[in-house]
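Here is how the chains run, residue by residue.
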Amino acid sequence: MEKRYLILDDGTSFLGEGFGDLSNTTGELIINTDLNGYQEAITDPVYHNQIIMFTQPSIGNIGTNPQNYESIITSAKGIVVNQREDINQSPLKAQNLSEFLRERQIPGIWKIDTRALRQYVQSHHVQKASIVNTNDEHAFDQLTAAVLSNQQIQAVATPKPYLVPGSGMTIVVIDLGLRESIIRQLAKLNCNIIVVPWDTDFKGIISLAPEGVVISSGPGAPEEIDNTVLETIIKLQPCLPLFGIGLGHELIAIANGATVTKMASGVHGNHHPIRQIITNDILYADQSQTYQIERQSIDNNRLIITFVDLINNSIQGLRSRDYPTFSVQFSPEGTSGIDSGLDLFAEFTESILVRRRLNNNEFGI
Amino acid sequence: MNSEFKRILILGGGPSNIGHEGEQDAAAYQAIAVWEQLGIDCYVIDDNAYSLLLTELPAKQRIIANPTTESVTRVLKEQRIDAITPIFGQKNALKIVQRLARKGVLAELNVKLVGLHKNNLALFGTETANQHANTVIAERLINNQIPVVSSTFVSNFSELRATLTKLNFPITIKAVDAPKNLQHRHVFQNMEELNNNVEDLFQQSPVHQLTLAQSVGDYQEVGIVAVRDRHGNKLIVSSLEDLNPIKVNATDSVIFVPAQTLTANQIQQLRALTFRLLDCLGIEGVCHIQFAIEQTTKTPYVFKVNPFFNSATALVTHASGYPLAMVVANILADQDLDVMQLPATYHRLTPLLQPVYDHITVKIPIWSFDYLTMANPELGGRAKATGAAMGIGSNFEAAFMHALRSSQPSPKDVLPSYSELSEDEIIQQLLHPTDKQLLILYEAINRGYSLPDLSELTKINPALFEIMKNILNVIQFVRKNQLRPEALAEGNRYGFGNGMFCNFWNTSNESVQNLQEELPSPKTYKMIEPTAGELSERLPAFYSTYGLNSEVSQLSSNSALIIGKGRNHLGPNTASDTYTAEMLIQLRKLGIKTIILNNNPNSVSLISELSDRQYVEPIQLGEIQAIIAIEKPAYVFLPGNRHYLIRALQKMKHSFKLIIIPPDQNTGEWQVPDGEVDVDLLVTKADVVPIATVGFRCRTDCNKHGLEEQTDYYVPAQTPELAQLTNTAVAAVQKTKLTGLIQVVFHKNSANNYELSGITPLRITETIFLNHATGVNWIRLLMQMYTSHFDISDVSQIINSDQFKLHPLKMQVVFPFRELGISKDLQRRNFEIGAWLAVDNETETF
C-alpha cells in the first residue's frame with residue numbers, strides 16, 4: 001500500500017494510494033463522467049497534460065486492449081479514481097490497468113472520494129493538481145510554480161505528414177492531436193486521407209489537392225496556438241469545404257471573429273443533451289470540452305449556431321454563412337441521438353460531392 | 001398544459017407472484033401523481049389485494065376485479081374512460097388491450113391507447129401463439145438492421161434439415177401450440193440428441209410444427225432501459241449486466257447496474273441499436289430491451305423487448321435516481337422530455353440528462369427453497385426467485401457485499417459457508433447453479449480454482465471472479481488483523497458489516513462499534529442521483545460509503561425511522577411492503593417526517609414519493625445504529641419478526657419510541673391453533689371497539705380447521721351467533737394487556753359450538769383485508785395510536801356512522817406452486833406469495 005496525495009493548487013490535499021507509475025506528476029485536473037471506457041480517455045490526446053478524475057467508481061474491470069486506443073502515445077498526466085481493479089481478461093494477453101499505466105509512466109491515485117473531490121473542485125476554482133508522496137509545503141510550492149506547457153499540440157500531433165490510402169476523395173486532416181476514431185470514420189467513407197502536421201500552411205495543403213479539409217480536435221487553449229493555424233483556416237475557407245472538430249471548431253470560430261474563454265467547469269462525458277437547432281432534435285455525443293465560444297462574440301452575419309448544449313448552454317456547432325465551413329465542439333464520431341442517421345462525416349463528404357457536381361456543371365463537363 | 005385525455009384506466013398486474021412484486025404498483029403510483037397534477041383522473045382495475053393503488057385512490061376510481069376483456073370493457077363504458085394503458089400490468093394487460101383493439105372496442109368507445117402505439121400492438125405478447133408475434137417483431141427488426149435471435153418454423157423433416165444447415169449446435173426447439181406443460185424450449189447439443197427426440201416433438205404439436213432457433217443459452221445477457229417521447233427524443237437510462245448467461249432467467253440472476261465488463265464500443269453499439277429499435281417500433285414511454293451477446297465475436301442480438309414497467313425498470317430507477325415513472329407519465333400525457341416539469345427537487349433538465357453514476361448497484365435474487373424444500377432449486381429459463389435485494393456502493397466490491405448481506409437470512413449479518421462441500425458437489429453446483437450459486441462461487445475461488453476454468457464451467461465473465469477474489473483477500477486480511485483499525489477500515493471500504501467483524505474476531509457488537517467510532521474516516525452517506533455530482537439535485541435517497549464528507553444531516557427532530565422488510569421470500573411480504581407504504585403515508589399526514597430503510601428494488605415503500613428520506617442499506621444492526629445516530633428519530637418502527645434487532649434496539653440507551661410492527665410474534669395467546677371465524681377489534685387501554693367479523697375458509701379440504709390452512713377470508717362472516725361472538729371477544733380482550741388492532745379467533749368444538757381459539761394482534765394481510773372490507777384505513781388509526789395522535793371518539797364516529805358497512809368481499813391467497821412446479825397440497829398461510837380480492841356478491845354459495 002503506497003500512500004500518496006492528490007494536492008490541489010488552492011492548498012487542499014486528498015489522501016489516497018498510488019498505482020501505475022509512482023513518480024510525481026502535475027497537470028490540469030479534469031473530470032470525466034463516462035460510464036464505460038477509461039482506456040479511451042487515457043489515450044485521448046485531448047487530455048494532454050491533464051490529470052483525469054473518473055466519476056465512474058471502478059475502473060480497470062476489463063483490463064486494457066489495443067483496440068481501445070485513441071492514440072498510440074498516451075497523453076494524460078495522471079489518473080484519479082475511487083476504485084481500481086487489476087483485471088486482465090483480454091484473450092490477447094494485454095496488460096491490466098496498472099501495468100498499462102506503469103509502462104506508459106502515468107501515475108494513478110485511488111481510494112479517493114471522487115464525489116467529494118468533484119463537489120470541491122466545482123465550488124472552488126481549482127486549476128492544477130499534483131500526485132505526490134508527501135503533501136508538505138515544498139510540494140505545494142512546486143505545484144504553484146509549475147507552468148503547464150503551452151506546447152501541447154507540438155507534443156501530440158504528428159511531426160510529419162502521412163497517408164491513409166483510400167479509393168475515394170482526398171481529404172486533408174490537420175492534426176492538432178487527433179483521435180484515431182476521426183481517421184476510422186473517414187476511412188469508412190473510403191476517403192484518401194492525408195494527415196498533415198499542425199503547422200502546415202495554406203500552400204502546403206493546397207499542393208496536396210484535397211477536396212476537403214478536416215481540422216482535428218486537440219489539447220490545450222486555442223488562444224495559445226501559433227497563428228499559422230488561424231491563417232491557414234482563413235485562407236482555406238473560401239477555397240475548400242472545412243470541417244472543424246473540438247479544438248478545430250474553436251479555431252474556426254476565432255478565425256471568424258469570435259472569442260473563446262475557459263469554462264468554469266468543463267464537460268468530459270457523453271450525457272449532456274445537445275440540441276440540433278435546425279431540426280429541434282436532441283442528441284448525445286462524446287464531449288471533451290474545456291473552452292467555450294462566447295455567445296455575444298458571434299457575428300451573426302458570418303456564423304450560424306447549429307448545435308447547443310442544453311445543460312450549460314454552450315455553443316456546440318457553427319456553420320459559416322459565406323463558406324462551405326462547419327464545425328462541432330463534440331466528437332461527431334459515434335454520435336447517437338434522435339436521428340441515428342446523423343453522421344457529420346457523411347454530411348461533410350456529401351457537401352464535397354455536391355460541390356464537385358456544381359463545379360463540373362460550371363465548366364460544362 | 002393539456003393532454004389528449006382526461007380519464008385514464010390503468011390495468012393492474014394482478015397479485016404478486018414469482019417475478020412480480022410491487023414494482024408495477026410502485027410505478028403506477030408515481031405516474032398517477034403526475035397525471036393528477038395534469039388534471040387527469042386515474043382509474044385502476046386490479047384484483048391484487050396488496051396493491052397500494054387499491055387503497056389510495058378515491059373509492060370510485062378503483063375497481064376491484066380481475067382485468068379481463070369483459071370487465072375492462074364494462075369499466076370503459078361505465079366510467080366514460082377516454083384512455084387506457086397496459087404498461088403497469090405485465091403481459092396480461094398487453095393481451096387485454098390487444099383483444100380490445102382487435103375487437104374494435106377501443107375505436108368504438110373512442111379510447112386512446114397510451115404507452116404503446118396502436119399500430120405496434122400486434123407485435124407484442126401473446127394474442128396469437130407467442131412465437132408468431134415474435135416472428136413479426138423479428139422481421140421488423142431485421143428489416144432495420146437490428147440483429148435478433150429469430151426462429152424458423154418447420155413442418156417436416158426436410159424443412160428441418162434445410163434449416164439446420166443455417167444454424168450451429170447447440171440449437172433450441174419448441175413444439176408449436178403444445179399443451180402448457182410441454183411448452184418449453186429444448187436444447188440440443190448435437191445431431192444425435194436431436195434425432196432421438198424430434199419425432200416426439202412433432203407429435204406434441206397439434207399443428208405438427210416446430211420452431212427452431214440458435215441456442216443463445218451461453219451468451220452474455222445485457223439489458224438496456226430507455227425512454228422515448230413523441231417527438232422522438234430518446235435516451236438510455238441505464239445498462240444492466242447479468243452475472244449469468246441467457247440460460248438463467250434474468251429474474252434469477254445477479255445483476256449489475258450499470259454494466260461493468262463492457263467496453264465503451266460495446267455500449268455505444270447497444271445504444272445505437274436501442275435507439276434504432278425504439279424508432280422502428282415507435283415506442284413512446286419506457287422500454288427494456290434484453291440483448292444476448294455472443295461470447296467470442298461480441299455480436300449483440302435482441303432477444304426480448306419489454307415495452308412496460310418491470311423489475312428491470314424498477315432496479316434502474318433505484319440505482320440511478322432518474323425519475324423514470326414520472327418522466328414516462330409525462331411522455332404519455334404528451335409532455336416531451338425537454339418541456340416536462342418535474343418537482344423542484346430535480347434540475348429542470350434532469351429528464352434529458354443521460355444518467356451517469358458515481359456508484360454501482362448490485363441486485364441479488366432471493367429464493368424460498370429453504371421453505372419449499374420439495375421445489376427443484378436449479379436455476380434455468382423459468383424464473384423461481386420470490387424477491388430481490390440490492391446493494392449500492394462506491395466501489396464494485398462494496399455494492400456486491402451490501403447486496404449479498406441484504407440477501408442472506410442471518411439476523412446477525414453472518415454469511416453462510418460451504419466449506420464442507422466435496423469437490424464433486426462444488427463442480428455439480430457450478431455446472432447447475434442453484435440459489436446457493438454466489439456462495440458456492442466464493443467457496444470455489446477460495447479453494448483456488450483457476451478463474452479461467454471457473455469461467456469456462458459457468459460462462460460467467462472472469463472479471464466478476466476477480467472482484468470476488470478481492471473480497472476474499474480482504475476477508476483474509478481482516479481475519480489476520482484482529483481488532484486492528486486498518487483491518488476494520490479495509491473491511492468497511494469493501495462493504496462488510498459489523499456482524500461480520502464480530503464473527504471474524506469472535507467479539508461483541510459493542511467492541512466493534514467502539515472501534516468504528518475511533519476510525520478517522522467514519523461512515524458517510526452519499527446521494528443517489530443521476531448526474532454524478534454535476535447538477536445540484538436535492539434527492540432524498542442515500543447509500544453509505546466511507547468517504548470524506550456525508551451528504552445527510554438530521555432531517556427533523558420529529559421523525560420516524562421505518563425499518564423495511566427487505567428480502568421477499570414466501571409469506572406476507574408484498575402485504576407488509578404495502579403496509580409499510582401505508583404507514584409512511586399516514587405518518588406523514590400526522591406531520592411526522594418519515595425515513596425508510598430498505599433494499600428491495602421491487603418494493604412500493606421505497607419509492608421517493610412516499611417518504612421524506614430513503615436509505616438503501618442492508619437491514620442490519622450496524623446500519624440501523626448508524627442511521628439512528630444521525631437522524632435521532634422520535635420513533636423507530638421495526639418488523640415483528642426481527643427478534644435479534646428488536647432485542648438489540650431495546651437494549652440501546654435510546655431517546656426514541658420503539659414500535660414493533662404487528663404481528664409482534666412475542667405477543668398473543670393461543671389455546672387451540674384452529675380457526676373458522678374471527679372478531680377484529682380496535683383496543684386501547686380504556687376502550688374496546690369491535691370492527692368486523694371475518695370468516696376463514698380452507699380451500700382444499702373444508703374439514704381442515706387448522707388456522708394455518710385457512711387461506712381464504714370473507715366478509716360478512718356467515719354465522720348466526722355474531723353478536724354473541726362479539727361479546728365474548730370483547731370480554732376476552734379486556735382480560736389481556738394487548739392494544740392496537742386485535743383479532744379474537746374462534747373455532748367450532750366437537751359439540752359444534754364456537755369456542756375461543758386465541759387472541760393476537762391482527763396480521764398484516766388481514767389488516768389490509770379489513771381496510772378493503774370496511775372502507776376505513778385502520779393503519780391510519782394505528783399510526784395515530786402509536787404517535788399519541790389518537791382520539792377514540794373518531795373511531796366511535798366512524799363505526800356508528802351510517803356509511804359504515806361491510807362490503808361483501810373475499811380474499812384468496814395465491815401460491816407459487818405451479819410456477820415452481822410443485823404439488824398443490826401445501827396450501828398454508830406461510831407459503832403465500834400474494835392474494836387476490838373479489839367483490840363477493842354470492843357469499844351464500846361461496
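What you see is a predicted model; the values in this text were computed from it and never measured.

**Details of the overall build of chain B**
Of regular secondary structure, chain B possesses 27 helices and 31 strands. For 846 residues, the compact-globule formula gives about 28 Å, and the C-alpha radius of gyration of chain B, at 27 Å, lands near that figure. Considered along the principal axes of its C-alpha atoms, chain B spans approximately 80 × 70 × 60 Å. Residues classed as buried in chain B amount to 54% of the 846 residues present. Long-range contacts, defined here as pairs at least 24 residues apart, represent 69% of the contacts in chain B between residues at least 6 apart.

**What to know about the overall build of chain A**
Of the regular secondary structure elements, chain A holds 10 helices and 21 strands. Radius of gyration (C-alpha) of chain A: 21 Å, near the 21 Å computed for a compact globule of 365 residues. Taking the principal axes of its C-alpha atoms as reference, chain A extends roughly 75 × 50 × 40 Å. Taken over 365 residues, chain A has a buried fraction of 55%.

**Digging into the sheet that holds strand β1 (residues 3–8) of chain A**
All names here are of chain A. Taken in spatial order, the seven strands close into a barrel running β1-β2-β8-β6-β4-β3-β9, and their pairing is mixed. Averaged over all neighbouring strand pairs, the angle between strand axes comes to 35 degrees, with direction disregarded. Packed on one face of the sheet, helix α4 (residues 137–145) meets β1, β3 (25–32) and β9 (128–132) and runs near 140 degrees to β9.

**Some points on the sheet that holds strand β18 (residues 541–545) of chain B**
Residue and element names in this part refer to chain B. Spatial ordering of the open sheet is given by β17-β18-β21-β20-β19-β22-β23, a layout of seven strands whose pairing is mixed. The two strands at the open ends of the sheet, each matched to only one other strand, are β17 (524–527) and β23 (657–661). Here the strands of the sheet are splayed against their neighbours by 25 degrees on average, with no regard to which way each runs.

**Digging into unusual backbone geometry**
All names here are of chain B. With an omega dihedral of -5 degrees, the bond running from phenylalanine 169 to proline 170 counts as a cis peptide bond. Positionally, proline 170 belongs in the loop between α7 (157–164) and β7 (171–175). In this structure, the amide linkage connecting valine 257 to the following residue, proline 258, adopts the cis form with an omega of -10 degrees. Structurally, the position occupied by proline 258 is in the loop between β12 (255–257) and α9 (264–281). We note that aspartate 177 has phi near 55 degrees; this positive angle belongs to a residue other than glycine. If you trace the backbone, aspartate 177 turns up in the loop between β7 and β8 (186–188).

**Some words on the pairing of strand β9 (residues 210–214) of chain B**
Residues and elements named next belong to chain B. The buried fraction of β9 amounts to five of the five residues, a majority that puts the element mostly inside the structure. Taken together, the five bridges between β7 and β9 define a ladder with antiparallel strand orientation. Bridged to isoleucine 171 within β9 is glutamine 214.

**As for helix α9 (residues 247–255) of chain A**
All names here are of chain A. α9 sits mainly inside the fold: nine of its nine residues count as buried. Those residues of α9 that sit buried are Leu247, Gly248, His249, Glu250, Leu251, Ile252, Ala253, Ile254 and Ala255. At the C-terminal side of α9, glycine 257 shows a positive phi close to 95 degrees.

**Some points on the interface of chain B and chain A**
The interface of chain B with chain A comprises 39 residues on the first partner and 35 residues on the second. The set of elements that each furnish at least two residues to the side of chain B that touches chain A consists of β11 (234–245), α9 and α16 (462–480) of chain B. A per-element tally of the side of chain B that touches chain A places α9 of chain B first, with seven residues. Grouping the amino acids of the side of chain B that touches chain A by side-chain chemistry returns 18 nonpolar, 13 polar and eight charged.

**Describing the nonpolar core**
In this structure, Ile8, Val328 and Phe637 of chain B are the most contacted members of the largest nonpolar core, which totals 309 residues. Core analysis: the next-biggest nonpolar cluster, separate from the first, contains 36 residues, Val46, Ile112, Ile131 and Leu143 of chain A among them.

**Digging into the domain arrangement of chain B**
Residues and elements named next belong to chain B. Each assigned domain of chain B is listed with its residue range as follows: domain 1 (7–114), domain 2 (150–214), domain 3 (220–355), domain 4 (554–661) and domain 5 (669–762 + 791–845). Spacing between the C-alpha centres of domain 3 and domain 4 amounts to 30 Å. Taken together, the four residues of domain 3 in the interface contact four residues of domain 4. Of the residues assigned to the side of domain 3 that touches domain 4, the class counts are two nonpolar, two polar and no charged.

**Overview of the domain arrangement of chain A**
Residues and elements named next belong to chain A. The domains assigned to chain A are domain 1 (3–145) and domain 2 (152–362). The straight-line distance from the C-alpha centre of domain 1 to that of domain 2 is 28 Å. It is β3 that contributes the most residues to the side of domain 1 that touches domain 2, three residues altogether.

**Observations concerning helix α11 (residues 324–332) of chain B**
Residues and elements named next belong to chain B. Extensive coverage of α11 is indicated by the burial of nine of its nine residues. Within the sequence span of α11, burial applies to Leu324, Ala325, Met326, Val327, Val328, Ala329, Asn330, Ile331 and Leu332. In the core, the buried residues of α11 are packed alongside α1 (23–37), β4 (83–85), β10 (220–228), β11, β13 (285–293) and α10 (311–320).

**With respect to the packing of helix α3 (residues 69–78) of chain B against helix α4 (residues 90–102) of chain B**
Residues and elements named next belong to chain B. Axis separation between α3 and α4 bottoms out at 10 Å; the angle between their running directions is 65 degrees. Taken together, the axes of α3 and α4 lie roughly perpendicular to each other. The way α3 lies across α4 gives a crossing that is right-handed. Of the residues in α4, those touching α3 at Thr69, Val72 and Thr73 are Ile96, Arg99 and Leu100.

**Here we look at the confidence of the model for chain B**
Residue and element names in this part refer to chain B. In this model, chain B carries an average pLDDT of 90, and 96% of its residues clear a pLDDT of 70 or more. Taken together, the stretch residues 126–130 has pLDDT below 50 and engages in 11 contacts with residues farther than four places along the chain or on a different chain. Low pLDDT (under 50) marks residues 842–846, which in the prediction has seven contacts with non-local residues, meaning those over four places away or in another chain.

**Quick look at the pairing of strand β2 (residues 41–46) of chain B**
Residue and element names in this part refer to chain B. Of all six residues in β2, five are buried, a share of seventy percent or more. Pairing of strand β1 (residues 7–11) with β2 involves five bridges; the strand directions are parallel. Within the sheet, the bridge partner assigned to isoleucine 10 lies in β2 and is valine 44. In this region the chain leaves β1, passes through α1 and returns to the parallel neighbour β2; the handedness of that crossover is right-handed.

**Quick word on the environment of glutamine 290 of chain B**
Residue and element names in this part refer to chain B. Within the secondary structure, glutamine 290 is located in strand β13. Using a count of 20 C-beta atoms within 10 Å as the deciding quantity, one classes glutamine 290 as buried. Residues glutamine 290 and isoleucine 246, 44 residues apart in the sequence, show an inter-C-alpha distance of 9.5 Å. Contacts of glutamine 290, omitting those with residues within four sequence positions, involve Glu221, Gly223, Ala250, Phe303 and Lys304.

**Brief notes about the environment of phenylalanine 465 of chain B**
Residue and element names in this part refer to chain B. Its location among the elements puts phenylalanine 465 in helix α16. By C-beta crowding, phenylalanine 465 is classed as buried, having 23 other C-beta atoms within 10 Å. Residues phenylalanine 465 and serine 450, spaced 15 residues apart in sequence, show a C-alpha to C-alpha distance of 9.8 Å. Apart from residues no more than four positions distant in its own chain, phenylalanine 465 is found in contact with Ile445, Leu451, Leu454 and Ser455.

**Some details on the environment of lysine 737 of chain B**
Residue and element names in this part refer to chain B. As for its placement among the helices and strands, lysine 737 is situated in the loop between α23 (722–734) and β28 (740–748). Taking the number of C-beta atoms within 10 Å as the measure of exposure, lysine 737 has 8 and is therefore exposed. Sequence spacing of lysine 737 and threonine 667 is 70 residues, and the spatial spacing of their C-alpha atoms is 9.8 Å.

Calculation criteria
Residues numbered from 1 in each chain as written. Chains lettered and ligands numbered in written order. Predicted model: local features only at pLDDT ≥ 70, side-chain atom pairs only at ≥ 80, totals over all residues. Helix = DSSP H or I, 4+ residues; strand = E, 2+ residues; numbered from the N terminus. Rg over C-alpha atoms; globule rule 2.2 N^0.38 Å. Buried ≥ 20, exposed ≤ 12 C-beta atoms within 10 Å, placed from the backbone. Contact = placed C-beta atoms within 7 Å. Pairing = 2+ DSSP bridges. Axes fitted to C-alpha atoms, helices over the stretch in contact; angles between N-to-C directions. Nonpolar A, V, L, I, M, F, W, Y, C, P; charged D, E, K, R; others polar. Core = buried A, V, L, I, M, F, W, Y, C linked by C-beta atoms within 7 Å. Domains from an automatic or database assignment. Parallel < 35°, antiparallel > 145°, perpendicular 65-115°, else oblique. Left-handed = near helix turned anticlockwise from the far one by under 90°. pLDDT = per-residue confidence, 0-100. Right-handed = clockwise from strand over helix to strand, strands pointing away.

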